[in-house]
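# Observations on the three-dimensional arrangement
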Amino acid sequence: SASRSLVANFSAISTYSVSLSVSPSGAGTVTGAGNYTSGANVTVTATPASGYTFTSWTASGLTFSTSTSYTFTIGGNIALVANFTQQPTYSITTSSSPSAGGYTAGGGNKVSGSSVSVVASPATGYSFTDWTENGSVVSSSSTYTFTASANRNLVANFAATPTQLEPTTQSTCA
């Protein structure tokens, strides 16, 4: 039997890093950072914070994806940036007419596209009539719901309710 000499050949498995950041800071969160073996499929995910929308994944100024979830095959170290854009906000103001007629709630700064509900509550001796904006009626319901798409100045209108008078009896002395 002949003697044989065997040689085992090994190659190093390369490991690459995926680092993630958010622009602007605080605009969202990201997942998928870490170390991966060369050739592995990597998925990174971006989730916008309230008031922001996701725009793109970039690295070294180049856009790689405009999808919040991006899957790629790793072949080297990469630093990806999740880019977000702040959504506009609108001012929703509410008031009562007359001011003693009741109370309003639900106004404030609202993110574009969000659902807004404003509520009018009459004071004692008043009833709710309608919501107006610039003198035009926009709702006859005490709860008015709409989508924020512009600054709004809403007035809750109230009417005094007639008071019920108790019948009086006069007594006469004879």
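Look up a bit, the structure's there.
Since the structure is predicted, the reported quantities are computational estimates derived from the model, not experimental observations.

A few words on the overall build of the chain. Helix and strand counts for the chain come out as zero helices and 16 strands. Against the compact-globule benchmark of 16 Å for 174 residues, the chain has a radius of gyration of 33 Å, which places it well outside the compact range. Expressed as lengths along the three principal axes of its C-alpha atoms, the size of the chain is roughly 150 × 35 × 20 Å. Buried residues in the chain amount to 27% of all 174 residues. Taken as a whole, the chain presents about 11000 Å² of accessible surface, with 49% of it coming from carbon and sulfur.

What follows covers unusual backbone geometry. Here Ser23 and Pro24 are connected by a cis peptide whose omega angle stands at -5 degrees. Assignment of secondary structure puts Pro24 in the loop between β1 (15-23) and β2 (28-31). In this chain, Ser97 is followed by Pro98 through a cis amide linkage whose omega measures -5 degrees. Relative to the helices and strands, Pro98 is located in the loop between β9 (89-97) and β10 (102-105). For Asn134, which is not glycine, the phi torsion reads 55 degrees and is therefore positive. Relative to the assigned elements, Asn134 resides in the loop between β13 (126-133) and β14 (136-139). Overall, the relative accessible area of 77% leaves Asn134 in the exposed class.

An order of β10-β12-β15 is seen for the three strands of this open sheet, with the pairing classed as antiparallel. What marks the edges here is a single partner per strand, and that holds for β10 and β15 (143-147). Neighbouring strand axes in the sheet, compared pairwise and without regard to direction, differ in orientation by 15 degrees on average. One ladder, built from five bridges, connects strand β12 (residues 115-122) with β15; its direction is antiparallel. Opposite Val116, over in β15, you have Phe146 as the bridge partner.

Bringing the sheet that holds β1 into the picture now. What the five strands build is an open sheet, ordered β3-β1-β8-β5-β6; its pairing is mixed. Either end of the sheet is taken by a strand with one partner, and the two such strands are β3 (34-37) and β6 (62-65). Along the sheet, successive strands turn relative to each other by an average axial angle of 35 degrees, direction set aside. When strand β5 (residues 52-59) meets strand β8 (residues 78-86), the two strands line up antiparallel, connected through six bridges. Paired with Thr53 across the bridge in β8 is Thr85.

Mapping Leu62 onto the fold places it in strand β6. With 16 residues separating them along the chain, Leu62 and Ala46 place their C-alpha atoms 17 Å apart.

Alignment of β2 against strand β4 (residues 41-48), held across four bridges, turns out to be antiparallel. Directly across from Gly28, in β4, lies its bridge partner Pro48. Here β4 pairs with strand β7 (residues 69-73) via five bridges, running antiparallel. The partner of Val42 across the bridge, within β7, is Phe72.

Glancing now at the pattern of salt bridges. Counted according to the given criterion, the structure contains one salt bridge. Across the salt bridge formed by Arg152 and Glu133, the nearest N and O atoms sit 2.7 Å from each other. Separated by 19 residues along the polypeptide, Arg152 in strand β16 (residues 152-160) and Glu133 in strand β13 bring together distant segments of the chain.

About the cut-offs
- Residues numbered from 1 in each chain as written.
- Predicted model: local features only at pLDDT ≥ 70, side-chain atom pairs only at ≥ 80, totals over all residues.
- Heavy atoms only, no water.
- Helix = DSSP H or I, 4+ residues; strand = E, 2+ residues; numbered from the N terminus.
- Rg over C-alpha atoms; globule rule 2.2 N^0.38 Å.
- Buried < 20%, exposed > 50% of the residue type's maximum accessible area, 1.4 Å probe, protein only.
- Areas by Shrake-Rupley, 256 points an atom, 1.4 Å probe, with all protein chains shown as cover.
- Pairing = 2+ DSSP bridges.
- Axes fitted to C-alpha atoms, helices over the stretch in contact; angles between N-to-C directions.
- Salt bridge = Lys/Arg side-chain N within 4 Å of Asp/Glu carboxyl O.

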